[in-house]
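Working through the structure, step by step
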Amino acid sequence: MSYVDGFVIAVPTANRNAYREHAERAAKIFKEYGALSVVECWGDDVPDGKVTDFKRAVNAQEGESVVFSWIEWPSKEARDKGNKEMMEDPAMKDMDMPFDGKRMIYGGFAPLLDTATR
C-alpha cells in the first residue's frame, strides 16, 4: 500500500505565482526520487473554526493563504529512501521558499482508505 506525506503551510497571497513555480520545481525532484504524485491545493474555502482550524494551525496572518499539499509514495520505505537521497541533492538546497517554513506542519500517513481507481 502507498504512503502519504501531508503538509499545511501559510503562503503570502502575493506569492501565489512564486509558490506555484517553487512547487513545480520541488514536484519534479520528488518524482525523480520515487514519488508517485504531488498535489498542491491553494486555500479557497478555509473557514475559521471555533476551537481550531487550518489558519490557526499554521498561524496564518492577514494577507496569507493556506496551502494543503500531499505527496504519494509507493511505500514508507520508498519515501524514507527518497527523502534521504533528496536531502543530499544540491537542487533541494538551492531552493528559496516563498513562505515561512517554520510554520509548516507536516507528517507521514499510512492510508486507511483509498477509493481511487488506477
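Quick note: structure is the one above.
Source: prediction; values computed, not measured. Position numbers for residues count from 1 along each chain, tracking the sequence in the order it is written. The model is predicted, so local features are restricted to residues of pLDDT at least 70 and side-chain atom pairs to those at 80 or more, both for listing and for counting; the totals for chains, interfaces and linings are taken over all residues. Side-chain measures were taken over the full set of non-hydrogen atoms in the model, leaving aside hydrogen atoms and water.

Section: the pattern of salt bridges
The condition that has to hold: In what follows, salt bridge is the name for a side-chain nitrogen of Lys or Arg lying within 4 Å of a carboxyl oxygen of Asp or Glu. Note on conventions: DSSP H or I runs of at least 4 residues are helices, E runs of at least 2 residues are strands, and numbering of each starts at the N terminus. Using a 1.4 Å probe on the protein chains alone, a residue whose accessible area is under 20% of its type maximum counts as buried, one over 50% counts as exposed, and one in between counts as partly exposed.
By the definition in use, this model includes 8 salt bridges. A salt bridge links Asp80 to Arg79; the nearest nitrogen and oxygen atoms lie 2.9 Å apart. With a shortest N-O distance of 3.1 Å, Lys81 and Glu85 are connected by a salt bridge. With Lys81 and Glu85 both in helix 3 (residues 76-87) and 4 residues apart, this pair spans about one turn of that helix. You can call Lys81 exposed: its relative accessible area is 51%. With a relative accessible area of 31%, Glu85 lands in the partly exposed category. The network of salt bridges with shared partners includes Asp5, Arg79 and Asp80.

Focus: helix 3
Threshold: Expected helix span is given by 1.5 Å per residue-to-residue step, counting one fewer step than there are residues. Directions drawn from the helix axis to the C-beta atoms are what define this arc. Should any heavy atoms of two residues lie within 4.5 Å, those residues are counted as being in contact.
An ideal rise of 1.5 Å per residue puts 16 Å on 12 residues; helix 3 measures up with 17 Å between its terminal C-alpha atoms. Of all the residues in helix 3, the buried ones are Arg79, Gly82 and Met86. Viewed along the axis of helix 3, the buried residues span an arc of 70 degrees, placing them on a single side of the element. Residues of helix 3 that are exposed and point more than 90 degrees away from the buried face comprise Glu77, Lys81, Lys84 and Met87. Of the surrounding elements, those touching the buried residues of helix 3 are strand 1 (3-12), helix 1 (16-32), strand 3 (64-73), helix 4 (90-93) and strand 4 (105-109).

So, the packing of aromatic side chains
What counts here: Any pair of Phe, Tyr and Trp rings, taking the six-membered ring for Trp, is counted once the centres come within 6.5 Å. Such a pair is stacked with planes under 30 degrees apart, edge-to-face with planes over 60 apart, and tilted for the rest.
Under the criterion given, the structure shown has 6 aromatic pairs. Seen from their ring centres, Tyr19 and Trp42 are 6.4 Å apart, and the 50 degrees between their planes marks the pair as tilted. You can see Tyr19 sitting in helix 1 and its partner Trp42 sitting in strand 2 (residues 37-42), a full 23 residues away along the chain. Judged by its relative accessible area of 6%, Tyr19 falls in the buried class. What links up through ring pairs into an aromatic cluster is the set Tyr19, Trp42 and Phe99.

Comments concerning the sheet that holds strand 2
As a reminder of what qualifies: Two strands are counted as paired when DSSP detects at least two bridges linking them. Between the N-to-C directions of two axes lies an angle of 0 to 180 degrees, each axis being a line fitted to C-alpha atoms and, for a helix, fitted only over the stretch in contact.
Read from one edge to the other, the open sheet built from 4 strands follows the order 2-3-1-4, with strand pairing classed as antiparallel. With one partner strand each, in any of the chains shown, strand 2 and strand 4 form the two edges of the open sheet. Averaged over all adjacent pairs, the angle separating strand axes in this sheet is 15 degrees, with direction ignored. With 5 bridges joining them, strand 1 and strand 4 adopt antiparallel strand pairing. Opposite Val8, over in strand 4, you have Ile105 as the bridge partner. Against the sheet, helix 1 makes contact with strand 1, strand 2 and strand 3, and its axis sits at roughly 165 degrees relative to strand 2, the strand it touches most.

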